[in-house]
Amino acid sequence: MSERTPERPRHPRDFEDDEDVRDLEAEGMLPNGLQPVDPRDVNPRREFVKLSRRVCLIERDDGAEATGFLVAPDLIFTTAHALMGTSGIFADPGHVTVKFDHFLWNKESGTRAMGDQCKLRRIPFSKPAQPDVVASSIKTDPKCRRRYDDNGLDYVLVRLDRPMGLAFLPYSHRLRGWNNCSRADVPAEGEVFVVQHPEGRLQKFAEGYIPADHSDHEFPHFFRYRTTSLNGSSGSPGGNGS
């Protein structure tokens, strides 16, 4: 007689596409403090959620998922470790898909938004194939053949194969646009809002805060904040709602 293995608690990713998650999202709250993103939300405290149309899911055929966001018509910003390669310094552009509008459009019916997607631009004639990296914490030669250094800040600015920021939103007359990071010098204090793709699933939203003692003496370029995130949230943009 075989012994039955106890059933483990269900995780949101186990029922992402069934009725259970629709009920949770209809209530406006998911486990772990994550909330479904609604780009039509007019609550002033969630002004930052409107930028969710510029946040993307980065899917890889040969690695884990991550989150990124547009900072120019054809440039996305994410973590460097999200695009680390297996055969080259960075991931093969042919194995990476960048997806936008990966969220529920209608909570009651569970209908997903009509999304859009693209690939990363490949450096011409690169072997192994390498993406067009504009800037990164990982220092390489222009064709990403040799790695020289890593300053530890874990970032990468990479070019897409088409300007998604200048594309019209599905079924809309509005352009997608991109995030203006020139105003990113706002003092680190108060609330923080993070739009993310936890576990590589539908886009979610988490609120958090920056503690009074937010500086890190070992890493002077960083500051600490507290919020909810899961694997796949690396590269998510954070803001103060304004």
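Quick note: structure is the one above.
The rules behind each value
- Residues numbered from 1 in each chain as written.
- Predicted model: local features only at pLDDT ≥ 70, side-chain atom pairs only at ≥ 80, totals over all residues.
- Heavy atoms only, no water.
- Salt bridge = Lys/Arg side-chain N within 4 Å of Asp/Glu carboxyl O.
- Helix = DSSP H or I, 4+ residues; strand = E, 2+ residues; numbered from the N terminus.
- Buried < 20%, exposed > 50% of the residue type's maximum accessible area, 1.4 Å probe, protein only.
- Polar contact = N/O pair within 3.5 Å; in protein donor to acceptor, adjacent residues only side chain to side chain.
- Contact = heavy atoms within 4.5 Å.
- Pairing = 2+ DSSP bridges.
- Axes fitted to C-alpha atoms, helices over the stretch in contact; angles between N-to-C directions.

**Quick notes on the pattern of salt bridges**
Charged atoms that come close allow side chains of opposite charge to pair. In total, this model carries nine salt bridges according to the counting rule given. For Asp101, the salt bridge identified is with Arg53, shortest N-O distance 2.7 Å. Of this pair, Asp101 sits in the loop between β5 (96-100) and β6 (104-106) while Arg53 sits in the loop between β1 (35-36) and β2 (55-60); the two residues are 48 residues apart in sequence, bridging distant segments of the chain. There is no split in this pair, since Asp101 and Arg53 are both buried.

**Focus: the side chain of Arg60**
Within the secondary structure layout, Arg60 lies in strand β2. Side chain to side chain, Arg60 and Asp62 meet in a polar contact 3.2 Å long. There is a polar contact of 2.8 Å between the side chain of Arg60 and the backbone oxygen of Met84.

**A closer look at the side chain of Thr79**
By the secondary structure assignment, Thr79 is in the loop between β4 (75-78) and β5. Contact partners of Thr79, with chain neighbours within four places excluded, come to Asp154, Tyr155, Val156, Ser234 and Gly235.

**Side note on the sheet that holds β2**
Spatially, β8-β5-β2-β3-β4-β12-β9 is the arrangement adopted by the seven strands of the open sheet, whose pairing is antiparallel. On the outer flanks of this sheet lie β8 (116-119) and β9 (133-136), each paired with one strand and no other. Averaged over neighbouring strand pairs, the angle between their axes works out to 30° when direction is ignored. Summarising the sheet, β5 and β8 pair through four bridges and their orientation is antiparallel. In the strand pairing of β8, Thr97 is matched with Lys119.

**Some points on the pairing of strand β11 (residues 147-150)**
For a regular strand, side-chain orientation follows a simple rule: the groups alternate between the two sheet faces. Bridge count for strand β10 (residues 138-140) against β11 is three bridges, and the pairing is antiparallel. Along β11, the bridge assignment pairs Lys139 with Asp149.

**Some thoughts on the sheet that holds β1**
Strand order in the open sheet formed by four strands is β1-β14-β13-β15, with antiparallel pairing between adjacent strands. Two strands lie at the open edges of the sheet, namely β1 and β15 (238-239), each paired on one side alone. Bridge count for strand β13 (residues 190-196) against β15 is two bridges, and the pairing is antiparallel. Across the sheet, the residue bridging to Val194 is Gly238, located in β15.

Scope: geometric values only; no functional claims are made or implied.
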